[in-house]
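The lines below spell out each chain.
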Amino acid sequence: IARERGLEVEEEGFRKAMEEHRLASGAGKAFGRLGGEDAVFFNELKKRLIAAGDLPSEGVLHDPYDESERLGRILALLADGREVREAAAGDEVEVLLPVSGFYLESGGQVADAGAIQGKDWEIEVQDVRRPVAGMLLHVGEVVRGQPKTGDECRAVIAIQRRLDVRRNHPAPHRLHAPLQPVL
C-alpha cells in the first residue's frame, strides 16, 4: 500500500511493522506461529489420525452453528507443546476432538468458551485455535480429575457467553466504519 502511494519503504522495516501489526491485531494470538515446526507437528498428527481411521480425510468436523453440545472422545491431548497420555488438575492442555461445535476466533469475534467433560474429569475451555487446516484444538485447563487420550467426553459451549459476544460483536464494526475515512 505504501509503495502504491509513492512512499519509500525499507524492506526490513516493512517486515517488522507487519509483524508488529499482526501481533497487535490479535492475529498472533489467533494463529500462533505461522508455519514452521508447529505446522509440521500438527500435519503429522493429522496424517496419523486419518491413517488410523480416527479422523476423516478433511480433519475435524466443525460446525459451530447447530448444536451447543457434542459427544466424542479425546483423540489427542497436548501439554507444553507435546502429546501426553493424560493430564492432571491444574494442567494447561490442548484437546483434539473428532467433531466440534466451538466457534473459532475469526473476523474479529472471539472464540467460544465452555467445557469438555468426562466421567470423572473436566477441562475448562478458554480458547479454540486452528494450528493447520483440518485441526481444531480446544485450549484450556484441567479443573477436575485426570483426562486421558481415548476418553469419551461431552464438549459443551458456554452458550450465554456466546450470545453476549454475538450481541456485542457488531459494535466495533459500527465504530470502525466512520473512523476509517477520517484516520
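Residues numbered from 1 in each chain as written. Predicted model: local features only at pLDDT ≥ 70, side-chain atom pairs only at ≥ 80, totals over all residues. Heavy atoms only, no water.

S.K.: What is the right way to look at the nonpolar core in this model?
M.R.: One recurring pattern in soluble globular proteins: nonpolar side chains tend to sit buried together. Ranked by internal contacts, the top residues of the largest apolar core, which has 34 residues, are V95, L96 and I116. Residues in contact with I116, not counting those within four places in the same chain, are V95, L97, W121, E122, I123, V125, H138, C153, R154 and A155. (Core = buried A, V, L, I, M, F, W, Y, C linked by side-chain atoms within 4.5 Å. Buried < 20%, exposed > 50% of the residue type's maximum accessible area, 1.4 Å probe, protein only. Contact = heavy atoms within 4.5 Å.)

S.K.: What exactly am I supposed to notice about unusual backbone geometry here?
M.R.: Peptide bonds are, in most cases, trans, and in most cases residues other than glycine have a negative phi. Backbone geometry at D80 places phi at a positive 55 degrees, although glycine is not the residue there. Structurally, D80 is set in the loop between β3 (76-79) and β4 (82-84). Residue classification places D80 among the exposed positions, given a relative accessible area of 77%. (Helix = DSSP H or I, 4+ residues; strand = E, 2+ residues; numbered from the N terminus.)

S.K.: Mind showing me how you'd approach the pattern of salt bridges here?
M.R.: Should the charged atoms of two oppositely charged side chains come close, the side chains can pair. In this structure the tally under the stated criterion is seven salt bridges. Close ionic contact of R73 with D54 constitutes a salt bridge, the shortest N to O distance being 2.7 Å. Here the residue R73 occupies a position in strand β2 (residues 69-73), and D54 occupies one in the loop between α3 (36-51) and β1 (61-62), the gap between them amounting to 19 residues. Its relative accessible area of 28% is what places R73 among the partly exposed residues. Note on D54: relative accessible area 28%, which makes it partly exposed. Residues E122 and R144 are paired through a salt bridge, measuring 3.8 Å at the closest nitrogen-oxygen approach. Remark: R144 occurs in strand β9 (residues 137-144) and E122 occurs in strand β8 (residues 122-129); sequence separation between them is 22 residues. Connected through salt bridges with shared partners, the residues D38, E94 and R129 form a single ionic network. (Salt bridge = Lys/Arg side-chain N within 4 Å of Asp/Glu carboxyl O.)

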